[in-house]
Amino acid sequence: MTERENQISENYKRVVENIREAELRRGEGEHVTLLAATKTVPAEEIVFASEKLGLAVAGENRVQEFNEKYDAVSPKLDYQFIGHLQTNKAKHVVGRASLIHSVSSLKLARELDRLAGARDVVQDVLIEINCAAEESKSGFLIADTPFVIDEFEAFSSLRLLGIMTMGPAGAEKSLLRKYFREIYAIFIDNFPKKSHNIRETVLSMGMSGSYELAIEEGATMVRVGSAIFGHRNYP
């Protein structure tokens, strides 16, 4: 095992342990899925984490990277799309990503539904909620969530599994906890009631700096990148 692989291995084991401890602190609740956020991570390192460490789920932020790594990564694990998705690039991920986390507008949802229907697939998706109503981020506002969920009833080729959110960058823990609690309340009020045709509902929230807090507040999936693969210099 190389030095780099050793470091990834140690980081991964630490994150898994932290997740289990956060689950215990939370008490009742679903088992939490670890999604490794793999922006800029080479395909061979993702495959290593899958084959040697037991990583089961990875997510890509960029369409180009998703497609470049797809053939190497997707046979090894559950490969999802977690980044901002432009409508004109939706064709590159529909039917390929097992789950699209970032449906941030009804316009995008309509295009995903059209593409999935044309390809005779049902695409699993999450709606992205802009929990702090930040102008720099995409996503639906918290107040609009019930209306948006109802709108998805019209889509025959999309299966809405739940919600994805990101807390404000650099926010204090108390503020993050507030937002995560609000999103969890929306999730609980809506998705278990509509889960008759859903294999599993998903609340995707929490990243490297906040995943333990997110678990304590009800996340069922966390997206962890730098805590596993180290700091990366994004181009």
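Since the model is a prediction, treat every value here as computed from it, not as a measurement.

### Comments concerning the pairing of strand β1 (residues 33-37)
The element β1 is extensively covered by neighbouring structure, given that 4 of its 5 residues are classed as buried. Bridge count between β1 and strand β8 (residues 221-224): 4 bridges; the pairing is parallel. Each bridged residue has a counterpart across the sheet, and for Leu 35 the counterpart in β8 is Arg 223. Read as a crossover between parallel neighbours, the route from β1 over helix α2 (residues 43-53) to strand β2 (residues 57-60) is right-handed.

### Side note on the packing of aromatic side chains
Enumeration over the complete set of coordinates arrives at 6 aromatic pairs. An angle of 50 degrees between the planes, with centres 5.6 Å apart, marks the rings of Phe 66 and Tyr 70 as tilted. Of this pair, Phe 66 and Tyr 70 are both found in helix α3 (residues 63-73), 4 residues apart, which corresponds to roughly one turn of the helix. Each member of the pair, Phe 66 as well as Tyr 70, is classed as buried. On the basis of an interplanar angle of 85 degrees and a centroid distance of 5.2 Å, the ring pair of Phe 152 and Phe 155 is categorised as edge-to-face. For Phe 155, a relative accessible area of 13% puts it in the buried group. Within the aromatic cluster, the residues linked to one another by ring pairs are Phe 66, Tyr 70, Tyr 79 and Phe 81. Seen from the ring of Tyr 70, Arg 96 lies directly overhead, with NZ or CZ sitting 3.9 Å from the centre.

Criteria and thresholds
Residues numbered from 1 in each chain as written. Predicted model: local features only at pLDDT ≥ 70, side-chain atom pairs only at ≥ 80, totals over all residues. Heavy atoms only, no water. Buried < 20%, exposed > 50% of the residue type's maximum accessible area, 1.4 Å probe, protein only. Helix = DSSP H or I, 4+ residues; strand = E, 2+ residues; numbered from the N terminus. Pairing = 2+ DSSP bridges. Right-handed = clockwise from strand over helix to strand, strands pointing away. Phe/Tyr/Trp six-rings, centres within 6.5 Å; stacked < 30°, edge-to-face > 60°. Lys NZ or Arg CZ within 6 Å of the ring centre and 35° of its normal.

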